[in-house]
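Letter by letter, the chains look like this.
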Number of protein chains: 4
Amino acid sequence: MTDQRGPGRPRSEAARQAVLNAAMLDLDEHGYAALTMQGIAARAGVGKQTVYRWWSSKADVVLEALIERAEKIVVAPDAGTLEADLDAFLTATFREHGLRRVLTGLMAQALLDPEFAVAFRDRFLFSRRAALRQILDRAAARGEIPGDVDRELLIDMVYGLLWYRLMLDHAPLGEPVGRQLTGLLLRAVSAPPPGTGAASKPSGPMS
Amino acid sequence: MTDQRGPGRPRSEAARQAVLNAAMLDLDEHGYAALTMQGIAARAGVGKQTVYRWWSSKADVVLEALIERAEKIVVAPDAGTLEADLDAFLTATFREHGLRRVLTGLMAQALLDPEFAVAFRDRFLFSRRAALRQILDRAAARGEIPGDVDRELLIDMVYGLLWYRLMLDHAPLGEPVGRQLTGLLLRAVSAPPPGTGAASKPSGPMS
Amino acid sequence: MTDQRGPGRPRSEAARQAVLNAAMLDLDEHGYAALTMQGIAARAGVGKQTVYRWWSSKADVVLEALIERAEKIVVAPDAGTLEADLDAFLTATFREHGLRRVLTGLMAQALLDPEFAVAFRDRFLFSRRAALRQILDRAAARGEIPGDVDRELLIDMVYGLLWYRLMLDHAPLGEPVGRQLTGLLLRAVSAPPPGTGAASKPSGPMS
Amino acid sequence: MTDQRGPGRPRSEAARQAVLNAAMLDLDEHGYAALTMQGIAARAGVGKQTVYRWWSSKADVVLEALIERAEKIVVAPDAGTLEADLDAFLTATFREHGLRRVLTGLMAQALLDPEFAVAFRDRFLFSRRAALRQILDRAAARGEIPGDVDRELLIDMVYGLLWYRLMLDHAPLGEPVGRQLTGLLLRAVSAPPPGTGAASKPSGPMS
DNA sequence: GGATAAGCGAGACGGTACGTCAAGTCTTAGC
DNA sequence: GCTAAGACTTGACGTACCGTCTCGCTTATCC
C-alpha cells in the first residue's frame, strides 16, 4: 500500500492548485466564455502542456475546481419527517446560487460537448440527485409518499426549477423559493387526485 | 402599411432563406458546436459578410430559423377545464423534443453570451411561458386554482422539468410525461396544505 | 465636331469634380495607401457605381486629378543657350516636389499594375520627358552637344535623379539641386572623354 | 558568442526557408501584386501565424529573401583607377535587372508603407550606395575627382538612372548602359566647367 | 408629350485577404 | 518523466474593400 509511484518527476501539486485557482479567478473576473486553456496556463504560470496533461478541456478544469471546492457537500441528515427533511435540503440547495457563473458555464459546455456532458452528469449532477432521492425514499418507507408517485419525476422537477431559474435569471432563487417549493411538493404528493379525468392515472406505474 | 423600403438594392430573400436552411442542415448533421458562421455562409453559397450583415452570431441565425419554423406556435385553446387545458398543452409541449439539438444549442449559447440570452428569452422562451400563463390565469378566474398559488412558480416548474430533461437526456420526455405532470400539478394546486408546519404557509402571500 | 451626345442623361460634371476633389483630399490627409474607391465615393457623396463607370481604379482617378491640376505644364521656352534652357527647366522641375505624395503613390500603382503603368507613362511621364528632349535637341542643333551623346540617357539621368530622391526622400530636392545638376550635365556633354580606355567608346552608336 | 537560445522550442529553420522560397516562387509566377501572406503560407505548407510571427508583411518576407539571396554582394575591389573601378561596378550593377520584379515590387511597397520604406532603405538600398561611395572616395583621395564634386549627387544619379529604367522599362538596362554611364560620369567629374555662366559654380561648395 | 435611354445615389450581393485568436501538438533545456 | 517555455499547424473569427448587381429616381434626346 505504498505511494505507487514510478520513476520520473512526480506531479506537482503546486501546479495543480495554481491551475484550479487561476481558472476560478479568471472565471469570476471575465466569465466562463472568456476562459481559455491558454489564459489559465499563463495566469497559473504553468506550461500549456501541463494543463493538457491532466485536463482535457477548460470545462474539465472548472469541474474539478468546483467539486474540490464543493466537497462540503449538501448532506441530508434524517430529520424525522419529509417536511423537515425537504425544507432543510431545499433551502440549502437554493442558497447555492452564488455558484451561478460556474454552474451555467459548465452546463453550457455540457450542452456543446457530449463527452463532457457525461462527466458533468456523473461526477456532479447525479451526486446531487442522490441526496434528494434518499430523502424521498425515506419518506416513502415511512408512508409519507404514496407508492405510486414517480419519485424521479419529483427530483427532476426540483432540479429543473433550480436550473431553469439559474439559467434564465428571471426570477428569485433563494431560501424562500426553497420553502415555497417544499409546500407545493408536499401538497402534490399527499393529496388524492383531484379530478376523475383520464388525463392523470396516478394508480398506474409511470415508466 | 406600405412596403417601407428605402433606396438601394433590396435585401435578398433568397439569400436569407439559404442561410437559415444551411444553418439547420449543418446543425442536424454535425451538431450545434460544429456550426460556424463561415460554414453556414459557404453552404448557403453566400458571402460571409451577407451573414454578418443580418445576424450577429450563429445563435442569431439559428434562433431566427427556429422561430420561423415554429411559427405554428403552440396555442392554448380554451377547453373549459384546467385539466383539459393542461393536458393538451403539456402533451403538445413535451412532444417537441425533436428540436432537442436546436434548443440545447441555443441555450448553451445563451449561457455563454448574455447579449444573446436576452434575445433568446424575449423572442422565444417568454412567448412560450405566456401560453401556459394564460391557461393558469383562466383556471384561476374559474376558481380552479387557489388565489394564493404562485403561478409563476408553476410555470417555471413545468418548463424547468422540460429543459432539465432536454439537457440531461437521462429520462423520457414525451407525451406520457406531459400527462404525468398534469396530474401532479393538479394535485398540488387543488390540495389543502398537508401539515401544519410553518415551512409552508399556503394561506399567506408568497413573496 | 458637335457635342456628340446621344439620348439619356448626360454625365454629371459635378459628380466628376466631386470625385477628383475627394480623391485629392483623402490622399493629402491619409496617404495614397489608405485611398479606396469606396472611400472616394463616400466622401464625394456619389454612388460607387458612378466612380467605376468612369474610372477603373483609384490610380485612374488620381492620375486624372493630377493631370487636370498640372495642366499648367512645364513648358520650355527657348532661351538661346543650353545652359539657360537647362537651368530654367531643371529648377522648375525640381521645384515640384510638393506633389511627392501624389507622384509616389501613382508610381507605386504603376509598379504593381502593368496596365496602369502604360497609362501613367503615356499620359504623364512621357509628356514630361518630351519637354526636356526638345531642349536637348535644340542644343544639339546648335552644336552645343556632340552628336555622339545619347540624349535619351541624359533625360533618364535627370528624371532618374528626380524620382530617386522623390522616392527615397533621403536628400534635398529643390532648386539648388536643379542648378547643381545643370552644371554637372554641361560638363559631361561638353568635355572630351578623359581617358583612353575602352570602357567608354563615345564615338560608337549607343543602342 | 554562444548560441543565445532561451527555453522553448527553437525556431524552425525549415519553415523559414519554406516561406522565403514560396514567396520567391509565387512572385516569379504571378508577380508581386498577386502575392499574399495567405498564399505564401499555404504554398510553404506553413501556418499563417508562423509567417506573421516572424515577418510583418509580404514585403518583409520578400526583402529578407532578396537580401539572403543577394548575399553575394556587389563588392568593389580596388582596381587602381576610377575608370576601371567604375566600369566594373556599373556593368555588374546593371547586369542585375533579372531582379526587376522583386525590386520594383519592394519599391512599390516602400512607396505605400513608410515603415517598410525605412527597412528597405536601411537594409538594402543604402548598403548598395555604400559600395559606390567607397569607389568615389578612393578616387577623390587619388585626386581623380575634384574635391568640389558632390559625390552623393553622383551616386544618386547612378542609382536614379538604374531605378528609373527598372521601373519604366522603356529603355535597355544592361552592361552596355553601365559602360556608357561610366564614360559620361568620367567626363562630368574631370572636365572643367564649360561656360562662365553663373548657373554652375563648380569651384564653390555645393550646398 | 410620351417613349426610350443613360446616368444618378444607395446599398446589398458573392468574394478574397486581412490580421488575430485559441486550439491542441511538438520540441527544446532544465530539474 | 515532469516542468516552463514557446514555436508549430490548423481553422474560425469579424472586418475591409473589391467589383457587380439591382433598386427607384432624374435628366436628357427623339419621335
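In short, a report on the structure.

Rules used throughout
Residues numbered from 1 in each chain as written. Chains lettered and ligands numbered in written order. Predicted model: local features only at pLDDT ≥ 70, side-chain atom pairs only at ≥ 80, totals over all residues. Heavy atoms only, no water. Helix = DSSP H or I, 4+ residues; strand = E, 2+ residues; numbered from the N terminus. Buried < 20%, exposed > 50% of the residue type's maximum accessible area, 1.4 Å probe, protein only. Contact = heavy atoms within 4.5 Å. Areas by Shrake-Rupley, 256 points an atom, 1.4 Å probe, with all protein chains shown as cover. Salt bridge = Lys/Arg side-chain N within 4 Å of Asp/Glu carboxyl O. Buried area = accessible area lost by both parts, 1.4 Å probe. Least-squares fit on C-alpha atoms with pLDDT ≥ 70 in both. Near = heavy atom within 4 Å. Polar contact = N/O pair within 3.5 Å; in protein donor to acceptor, adjacent residues only side chain to side chain. Nonpolar A, V, L, I, M, F, W, Y, C, P; charged D, E, K, R; others polar.

This part is about the overall build of chain A. When helices and strands are counted, chain A shows nine helices and zero strands. Reading chain A from its N terminus to its C terminus gives the helix and strand order α-α-α-α-α-α-α-α-α. Out of the 207 residues in chain A, the part that is buried amounts to 50%. Long-range pairs, those at least 24 residues apart, make up 69% of the contacts in chain A with a sequence separation of at least 6. Accessible surface, chain A: about 9,800 Å² in total, of which carbon and sulfur atoms supply 54%.

Opposite charge on two side chains makes pairing possible when the charged atoms of those side chains draw close. All names here are of chain A. Taken as a whole and assessed by the stated rule, the structure comprises 69 salt bridges over all chains. R16 is the partner of E13 in a salt bridge, and the nearest nitrogen-oxygen pair spans 3.0 Å. Residue E13 and its partner R16 are located together in helix α1 (residues 13-30), separated by three residues, close to a single helical turn. Take R16: its relative accessible area is 14%, and that puts it in the buried class.

With that out of the way, let us pick up the side chain of C:T104. Relative to the elements of secondary structure, C:T104 occurs in helix α6 (residues 100-112). Discounting chain neighbours no more than four positions away, the residues touching C:T104 are C:W163, C:L166, C:M167 and D:L111.

Right, let's get into the interface of chain D and chain C. Accessible area lost on assembly of the parts is the figure often given for the size of an interface. Across the boundary between the two partners, chain D contributes 57 residues, which contact 58 residues of chain C. In total, about 4,800 Å² of surface goes out of reach between chain D and chain C, with carbon and sulfur atoms giving 70% of it. For chain D, the biggest contributors to the area lost against chain C are D:M157, D:Y164 and D:R187; these three give 16% of the whole. In this structure, the connection of chain D to chain C is made through two salt bridges.

Take the relation of the copies chain D and chain C next. Take chain D, turn it by 180 degrees, move it 0.1 Å along the axis, and it overlays chain C with an RMSD of 0.2 Å. Read as a symmetry element, the transformation amounts to a two-fold axis. Mapped onto chain C, 98% of the interface residues of chain D are again interface residues, and the two copies thus contact each other with one and the same surface.

With respect to spatial proximity, 41 residues lie near DNA strand E, and among them A:K48, A:Q49, C:T50, D:Q49 and D:Y52 are the closest. Among the atoms of DNA strand E lying within 4 Å of the protein, the sugar-phosphate backbone contributes 61%. Contact distances for DNA strand E include 2.9 Å between a phosphate oxygen and a backbone N or O atom of D:M37. The contact in question runs from a base nitrogen of DNA strand E to an N or O atom on the side chain of D:Q49, over 2.6 Å. Mapped onto the surface near DNA strand E, the elements with two or more residues apiece are α2 (37-44) and α3 (48-54) of chain A, α3 (48-54) of chain B, α3 (48-54) of chain C together with α2 (37-44) and α3 (48-54) of chain D. Residue classes in the surface near DNA strand E are distributed as twelve nonpolar, 18 polar and eleven charged.

With that settled, consider the interface of chain B and chain A. The interface of chain B with chain A comprises 57 residues on the first partner and 58 residues on the second. Counting the surface lost from both chain B and chain A, the interface buries some 4,700 Å², and carbon and sulfur atoms represent 70% of this. Those elements giving two or more residues to the side of chain B that touches chain A turn out to be α5 (82-94), α6 (100-112), α7 (114-141), α8 (151-168) and α9 (175-190) of chain B. Top contributing element to the side of chain B that touches chain A by residue count: α8(B), with 13 residues. Here the residues of the side of chain B that touches chain A are counted per class, giving 36 nonpolar, nine polar and twelve charged.

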